[in-house]
2 protein chains.
Amino acid sequence: MQISRKALYAIKAIIYLSAAKNKKLCTITEIAEKESIPREYMAKILKELTQKGLLVSYRGVQGGYRINKAREEISFLNILEAVQGPFNKLSSTGTSEEAKLYQGASFDFWKDLHQVVGDKLGKMTLGKIDYAKFYPEK
Amino acid sequence: MQISRKALYAIKAIIYLSAAKNKKLCTITEIAEKESIPREYMAKILKELTQKGLLVSYRGVQGGYRINKAREEISFLNILEAVQGPFNKLSSTGTSEEAKLYQGASFDFWKDLHQVVGDKLGKMTLGKIDYAKFYPEK
């Protein structure tokens with residue numbers, strides 16, 4: 001089970017974007033600087049999030065990114081899965097190397113744990129972020 | 001948050017060892033083969049688990065490994081932390097790259113999630129494994 005650095009960066013970026021008032025667009029450079037994320041990696045992640053429909057991008061001098069849904073409709077699980085793949089993919093019969101890692105005498109425990117974590121990630125939406133506290137200036 | 005491949009291998013190995021009746025010793029080769037873990041990596045992990053006091057090793061032709069505590073006294077968290085380091089190390093003020101990953105508007109969520117997962121790993125001991133089902137021959 002992994003909540004990857006990439007997923008954590010994606011979540012930080014989307015929180016930052018979703019703090020923007022009046023659907024204001026933000027540039028890659030702005031988000032990367034404010035959230036201390038390497039710019040090239042940020043560019044790659046924002047592109048993936050756009051392809052998955054969580055963000056919209058606009059080109060040009062006034063261009064940038066904004067979120068594509070209401071805050072309440074974007075969960076941490078949505079963001080994580082967009083950049084990291086399906087979270088709850090444990091299988092008791094799968095033959096992939098990943099599947100085999102969890103098989104055996106402790107499979108039921110790992111399956112339950114993934115379920116609990118997946119549920120919590122799914123219930124945690126951007127609507128629960130305290131924007132006024134963390135982004136008072138925006 | 002990560003439950004690493006190394007930790008999953010360590011847990012598999014210790015479950016296998018703890019299934020041995022009458023404190024029978026098991027060799028690296030036996031565990032690696034039965035649990036489909038690369039032998040050299042298995043050797044490294046067993047050495048670390050021994051240094052951390054979870055296993056005892058005996059040299060020689062009849063040598064091998066066995067667990068060093070009762071099943072009920074070894075939790076998944078003990079095993080994971082022995083090979084992967086402290087699990088619950090989120091800090092809202094830390095300056096390490098790792099700490100910074102979780103800081104910001106979602107820190108409280110990550111902290112709670114780590115707490116829940118850490119608790120579950122801590123409560124899951126070897127005493128809860130169904131040995132008769134998974135290791136009927138041992």
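In the block above lies the structure referred to throughout.
A brief look at the structure comes next. All figures in this text were calculated on a predicted structure; none of them were measured in a lab.

A short note on the overall build of chain A
The helix and strand inventory of chain A stands at 7 helices and 2 strands. Shown N-terminal to C-terminal, the secondary structure of chain A runs as helices and strands in the order α-α-α-β-β-α-α-α-α. In chain A, buried positions account for 50% of the 138 residues. Long-range contacts, defined here as pairs at least 24 residues apart, represent 64% of the contacts in chain A between residues at least 6 apart. Accessible surface, chain A as shown: approximately 7100 Å² in total, 49% of it carbon and sulfur. Within chain A, the 15 negative side-chain charges are centred at a point lying 5 Å from the centre of the 23 positive side-chain charges.

Observations concerning the relation of the copies chain B and chain A
Here chain B sits on chain A after a turn of 180° about the axis and a move of 0.0 Å along it, with an RMSD of 0.0 Å. In the structure described here, the two chain copies are related by an operation that fits a two-fold rotation axis. For chain B, the minimum C-alpha distance to the rotation axis belongs to glutamine 2 of chain B and amounts to 2.3 Å.

Observations regarding the interface of chain B and chain A
Facing the 29 residues of chain B at the interface are 29 residues of chain A. Summed over both partners, the interface of chain B with chain A buries about 2800 Å², with 74% contributed by carbon and sulfur atoms. It is Leu101, Ala105 and Phe109 of chain B that lose the most area in chain B upon contact with chain A, and together they represent 22% of the buried surface on that side. Counting across the interface, chain B meets chain A through 2 salt bridges. Between arginine 5 of chain A and glutamate 97 of chain B there is a salt bridge, with the nearest N and O atoms lying 2.9 Å from each other. At the boundary of chain B with chain A, the tally comes to 8 residue pairs in polar contact (both at pLDDT 80 or more). Breaking the side of chain B that touches chain A down by element, the ones donating at least two residues are α1 (5-18), α5 (97-102) and α6 (107-123) of chain B. The element best represented in the side of chain B that touches chain A is α6 of chain B, accounting for 7 residues.

Looking at the pairing of strand β1 (residues 55-58) of chain A
Looking along a regular strand, one sees side chains alternate from face to face of the sheet. Residue and element names in this part refer to chain A. Inspection of the sheet shows β1 paired to strand β2 (residues 64-67) by 4 bridges, in the antiparallel sense. Note that in β2 the partner of valine 56 across the bridge is arginine 66. Where β1 folds back onto β2 in an antiparallel hairpin, the turn is made up of 5 residues, including glycine 60, whose phi is positive at roughly 100°.

Quick look at a positive patch on the surface
There is a patch of like positive charges on the surface, built from Lys120, Lys123 and Lys128 of chain A together with Lys120, Lys123 and Lys128 of chain B. Residue assignment for the positive patch shows that the elements contributing at least two residues are α6 (107-123) of chain A together with α6 of chain B. If you trace the backbone, lysine 123 of chain A turns up in helix α6.

Description of the nonpolar core
With 102 residues, the main nonpolar core has Leu49, Trp110 and Leu121 of chain A together with Leu49, Trp110 and Leu121 of chain B as its most contacted residues. Setting aside residues no more than four positions away along its own chain, leucine 121 of chain A makes contact with Ile3, Ser75, Phe76, Leu77, Leu80 and Phe87 of chain A together with Phe109, Trp110 and Leu113 of chain B.

Quick word on the packing of α1 of chain B against helix α3 (residues 39-51) of chain B
A packed helix pair is summarised by two numbers, namely the angle formed by the two axes and the spacing between the axes. All names here are of chain B. Between α1 and α3, the least distance of the axes is 10 Å, while the angle of their chain directions is 75°. Relative to α3, the element α1 is oriented roughly perpendicular. Counting all contacts with α1, which are made through Lys6, Tyr9, Ala10, Ala13, Ile14 and Leu17, the residues of α3 involved are Tyr41, Met42, Lys44, Ile45, Leu46, Glu48 and Leu49. In terms of residue class, the contact of α1 with α3 is made up of 10 nonpolar, no polar and 3 charged.

As for helix α4 (residues 76-84) of chain B
Turning to α4 of chain B, its buried residues are Phe76, Leu77, Ile79, Leu80, Ala82 and Val83 of chain B. In this structure, the buried residues of α4 of chain B make contact with α6 of chain A together with α1, α3 and α6 of chain B. Downstream of α4 of chain B by a residue or two, glycine 85 of chain B has a phi angle that is positive, lying close to 95°.

So, how was this worked out
Residues numbered from 1 in each chain as written. Chains lettered and ligands numbered in written order. Predicted model: local features only at pLDDT ≥ 70, side-chain atom pairs only at ≥ 80, totals over all residues. Heavy atoms only, no water. Helix = DSSP H or I, 4+ residues; strand = E, 2+ residues; numbered from the N terminus. Buried < 20%, exposed > 50% of the residue type's maximum accessible area, 1.4 Å probe, protein only. Contact = heavy atoms within 4.5 Å. Areas by Shrake-Rupley, 256 points an atom, 1.4 Å probe, with all protein chains shown as cover. Lys, Arg positive; Asp, Glu negative; His and termini not counted. Charge placed at Lys NZ, Arg CZ, Asp CG, Glu CD. Least-squares fit on C-alpha atoms with pLDDT ≥ 70 in both. Buried area = accessible area lost by both parts, 1.4 Å probe. Salt bridge = Lys/Arg side-chain N within 4 Å of Asp/Glu carboxyl O. Polar contact = N/O pair within 3.5 Å; in protein donor to acceptor, adjacent residues only side chain to side chain. Pairing = 2+ DSSP bridges. Patch = residues over 30% accessible without salt bridge, like charges linked within 9 Å, V, L, I, M, F, W, Y side chains within 5 Å. Core = buried A, V, L, I, M, F, W, Y, C linked by side-chain atoms within 4.5 Å. Axes fitted to C-alpha atoms, helices over the stretch in contact; angles between N-to-C directions. Parallel < 35°, antiparallel > 145°, perpendicular 65-115°, else oblique. Nonpolar A, V, L, I, M, F, W, Y, C, P; charged D, E, K, R; others polar.

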